[in-house]
Amino acid sequence: MKTFRFVLFLIISLSIGIVFNSRLVVSGQPVPPLGKFLSPFHGFWQNAENDPIDLASQLNTSGLQDPVKVHFDELYIPHIFASNDEDLFFTQGYITAYHRLWQMEFQLLAAEGRVSEIIGSRALNFDRSQRRIGLKYGAQKSHDAFKKEEPETYKMIEAYSAGVNAFINTLSYADYPVEYKILDYAPEEWSPFKCFLLISNMHNMLSRGERDLEHTNAITKWGRDVFEMLYPERPLESKLDPVIPRGTEYNFDAIAVEKPNVDFPLNITNPTIDAPDPDNGSNSFVVNGKKTKSGKVILANEPDLSLNLPSIWYVAHLNGPGINVMGATLPGSPGITIGYNDSIAWGNTNAKRDLVDWYTIDFKDAKRKEYLYNGNWVPTNIEVEKFEVKGEDPFYDTIVYTHHGPVTYDRNFSNQTTEVVNLAMKWTAHLPSKELKTLIAVGTAKNYAEFVEVFSDFTGPPQNYSFASTTGDIALWIHGKFPLKWDEQGKFLMDGSKTAFEWNGMMPQSHNLHVINPPQNFLSSANQHAADTLYPYYQYDHNYEYYRGRRVNDRLRIMSQVTVKDMMNLQHDNFNYNAFEILSTMLDSLDTASFIAKEWEYYEKLRAWDFFNHPEREGPSIYEQWWKNLNNLLWDEIDSSDVKVYRPSWFNTSKILLKNADFEMVDDQRTDVEETTGDLFRISFKQTIEDLEEFQEKTKGSLAWYEYKNTTVRHLLGLMPFSFKQIKIGGNRHIVNAASNGHGPSWRMVVELGEDEISAWGIYPGSQSGNPGNPLYGHMIDGWADGTYHKMLFKSNLSEESEGILYTVNLQPEE
């Protein structure tokens, strides 16, 4: 309630002298009609919940066929028991909407490019970019194909949607989640299309990352030699530790893909659409009984994503005919995304691969009804998109579609300052896909063969799926839809008029990388390279991870008698591999003979640091700021470039600093002096001391890592009274415990599988309820930070009297 009091007093102070029932704009920000918002009978106060669960007065069961029981445990996780599948998913939709309706709808309004309807023209460019990259376009294609080809599963999606709508139909203004009142709008009817839009949104988060246009700029600006120095595909091959163990044999005949004799167009372009967070990734690892103390298989998984409230995940237990499954769900989607059933457990990490390509388009004339392809003029498809804008007239945007995909950049949405270059975007997310079938069906899989069969329908976004079973099997499959490409295809801008630049079809699902029961007795993935060079297909991404996977594998190789607690500790591992590999060189380069007292103080703290980013250590704060300043000096040519390029990875930056001291960018553009790497180390060290002293003076805080890093779980609207800041957690980006300022482990799960019992533990940085007025709002954040896990209540015969059950709702169909 303390956050509500704060917001209430803030609003009261703003409302003095204001006509309460008018919608206003204060300092450019919309303010809801305050009379309605402050009403004790309908407004803000109605969102203050005394009890975490109060479903009894809101039940609408007109969509049920048979009785359903919902048991809520001590974490307020719903355990849904239904006698048929449609009732099961209807109830999942209903209960998820009860806790997360605003989040479910708002994230999909953003994906569809409709935020302007809520907040006005400030969001118009964002909305236009969402439609121009094709999220709505891809979702509609998937929905239409799925409805036609998978009618039985589509019924489950309809049932889920009906459950969401059943909850929405219980609401009056007084019941609306508080965010609707703050933004002054109402929930709309849910539809199966929105479930497919959620998958498009996940594609956007996990598979849209690419740097084709920046690569084209870089190679045009600096030439091939500098480009290869900055962005090598496999730097220091001997240090790479791929997802699929080295030496794995592939028992298939690869499809040959020959590289044509073509040149890439070298058009300088400046992309303006924001890229996904480069830190989106995850850790997953599984060990078999030969490595564990109990002789049972243990699987651990944590997806590293934005730290948001309401949380990305919602935990649920689904029990119905032939299914008893529990785990993390995506609010807005039926089924379980990461979890376990009576026989298996599975986790996933993002499988880095370049799945977006850009093509130049030559239109015949200004009408843009035809474009050049293979020597012929081919017709386009032109769509006019309407954008409703709150408080203003609608905006219309014309989007031209080619066989490659939408022309994202053109005269109406240009990324140029002079000549317009028309660029079409080709992306696997534009193709029809069936991920929802997998998410619904995976809970029924009982063994490895059934798991593989279920995921044969999973076509994106590509994921490394780890697997464990009660029979002792461990496995890893990289599932998704991968284009067949020749070397470097899609790494640069391509000529859309030439057939030579087309994809060569799709890789057969059986050729996707996979391994079962390896001799090393463990498997892991952490967004690193997928395989060694023996894999016969071209595999490329600009943003592979080089530290987390190596650290996990280093630990798993030497661990024995592994326990559940050991796996939890590994998820919380704070070892800084980046610092371990370069800090001693940085320190050795300093001129200690000229040090003043303050420099000695910082130097000695770093010398004594053991490379672990634990929350109360000062060493991580000093090192991370020094590394930041060093990169700022080293890559000043990139930051000040007249065309858009990007910094090399941390791993490759270390390689350059350690092995290529004469590289032409090793200098400081602010001076006329030709610097060495040692000069950069010394200059940036002095700057670091100044920065840290200024920080302490300004904040009156310490250099404890958790204070300096300030990990914050932010409300989706950025409302700080609804957020949690300065969370006491270690780690950082590129560390196994990947908690940075606003990004990190969004769900942690550990599952132990024995023939007689499955035991699971989980935690995430938030709460089941998305309502800031709920007494349990954000209640799991402290435990998430300090390594406390909650034992999951997972049984197939729960009742009101079962230990751990706090509340039971009996849903009866209307007579």
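Residues numbered from 1 in each chain as written. Predicted model: local features only at pLDDT ≥ 70, side-chain atom pairs only at ≥ 80, totals over all residues. Heavy atoms only, no water.

Listed as buried for helix H16 (residues 577-588) are Tyr577, Asn578, Ala579, Glu581, Ile582, Leu583, Met586 and Leu587. Buried residues in H16 make contact with helix H14 (548-558), helix H17 (597-608), helix H18 (619-634), helix H20 (650-659) and helix H21 (677-699). (Buried < 20%, exposed > 50% of the residue type's maximum accessible area, 1.4 Å probe, protein only. Helix = DSSP H or I, 4+ residues; strand = E, 2+ residues; numbered from the N terminus. Contact = heavy atoms within 4.5 Å.)

We now examine helix H10 (residues 212-222). Along H10, 9 of the 11 residues are buried, which leaves the element largely enclosed by surrounding structure. For H10, the full list of buried residues reads Asp212, Leu213, Glu214, His215, Thr216, Asn217, Ala218, Ile219 and Trp222. Looking at the packing, one finds that the buried side of H10 touches helix H11 (224-230), strand E12 (356-360), strand E17 (407-409), strand E18 (423-427) and helix H19 (636-639). Trailing H10 by a residue or two, Gly223 shows a phi angle of about 90°, which is positive.

As enumerated under the stated definition, the model contains 51 aromatic pairs in all. For the pair Phe264 and Trp486, a centre-to-centre distance of 6.1 Å together with 40° between the ring planes defines the contact as tilted. Of this pair, Phe264 sits in the loop between H11 and strand E5 (281-287) while Trp486 sits in the loop between strand E20 (474-479) and strand E21 (494-495); the two residues are 222 residues apart in sequence, bridging distant segments of the chain. Its relative accessible area of 18% is what places Phe264 among the buried residues. Assessed through its relative accessible area of 2%, Trp486 is described here as buried. With 5.7 Å between their ring centres and 65° between their planes, Tyr448 and Phe467 make a pair best called edge-to-face. Taken together, the residues Tyr448 in helix H13 (residues 448-454) and Phe467 in strand E19 (residues 463-469) connect sequence positions 19 residues apart. Using a relative accessible area of 0% as the deciding quantity, one classes Phe467 as buried. (Phe/Tyr/Trp six-rings, centres within 6.5 Å; stacked < 30°, edge-to-face > 60°.)

We now examine the side chain of Asn308. As for its placement among the helices and strands, Asn308 is situated in strand E7 (residues 308-309). Judged by its relative accessible area of 19%, Asn308 is buried. Discounting chain neighbours no more than four positions away, the residues touching Asn308 are Val713, Arg714, Leu716 and Pro765.

Our focus in this paragraph is the environment of Glu604. Position of Glu604 among the secondary structure elements: in helix H17. The exposure class of Glu604 is partly exposed, given its relative accessible area of 48%. As a C-alpha pair, Glu604 and Gly619 span 15 residues in sequence and 9.5 Å in three-dimensional space.

A few words now on empty space enclosed by the protein. A complete count under the given rule lists 9 cavities of 30 Å³ or more for this structure. Estimated volume of the largest cavity: approximately 210 Å³. Along the wall of the largest cavity there are 21 residues; nearest its centre are Met202, Leu206, Thr337, Asn348 and Gln463. Along the lines of polarity and charge, the residues of the lining of the largest cavity split into 12 nonpolar, 8 polar and 1 charged. Of the voids in this model, the second largest cavity is the one considered here, and its volume is about 80 Å³. Every residue lining the second largest cavity is listed: Arg353, Asp354, Leu355, Phe482, Pro483, Lys485, Met507, Tyr538, Gln539 and Tyr540. A class-by-class count of the residues in the lining of the second largest cavity yields 6 nonpolar, 1 polar and 3 charged. (1 Å grid on protein atoms, 1.4 Å probe; cavity = no way out; pocket = protein on both sides within 12 Å on 5 of 7 lines; lining within 4 Å. Points joined across faces, edges and corners; volume = space filled by probe spheres on them. Nonpolar A, V, L, I, M, F, W, Y, C, P; charged D, E, K, R; others polar.)

We now examine the pairing of E20. Taken across its 6 residues, E20 has 6 buried, putting it largely inside the fold. Of the pairings in the sheet, the one linking E19 to E20 comprises 6 bridges and is antiparallel in character. Bridging from a neighbouring strand, Ala468 pairs with Ile474 of E20. Turn length for the E19-E20 hairpin, with the two strands adjacent in sequence and antiparallel, is 4 residues, and the turn residue Gly472 shows positive phi of about 100°. Examined bridge by bridge, E20 and strand E22 (residues 514-516) share 3 bridges and lie antiparallel to one another. Paired with Trp477 across the two strands is His514, which belongs to E22. (Pairing = 2+ DSSP bridges.)

Taken in spatial order, the 10 strands line up as E22-E20-E19-E11-E10-E9-E8-E4-E3-E29 in an open sheet, and their pairing is mixed. Either end of the sheet is taken by a strand with one partner, and the two such strands are E22 and strand E29 (805-811). In this sheet, adjacent strand axes meet at a mean angle of 15° when their direction is disregarded. As paired strands, strand E11 (residues 344-350) and E19 are joined by 7 bridges and run antiparallel to one another. Each bridged residue has a counterpart across the sheet, and for Ile344 the counterpart in E19 is Ser469. The strands touched by helix H3 (residues 85-112) within the sheet are strand E3 (68-73), strand E4 (78-81), strand E8 (314-320), strand E9 (323-329) and E29, with E8 carrying the most contacts at an inclination of about 160°. (Axes fitted to C-alpha atoms, helices over the stretch in contact; angles between N-to-C directions.)

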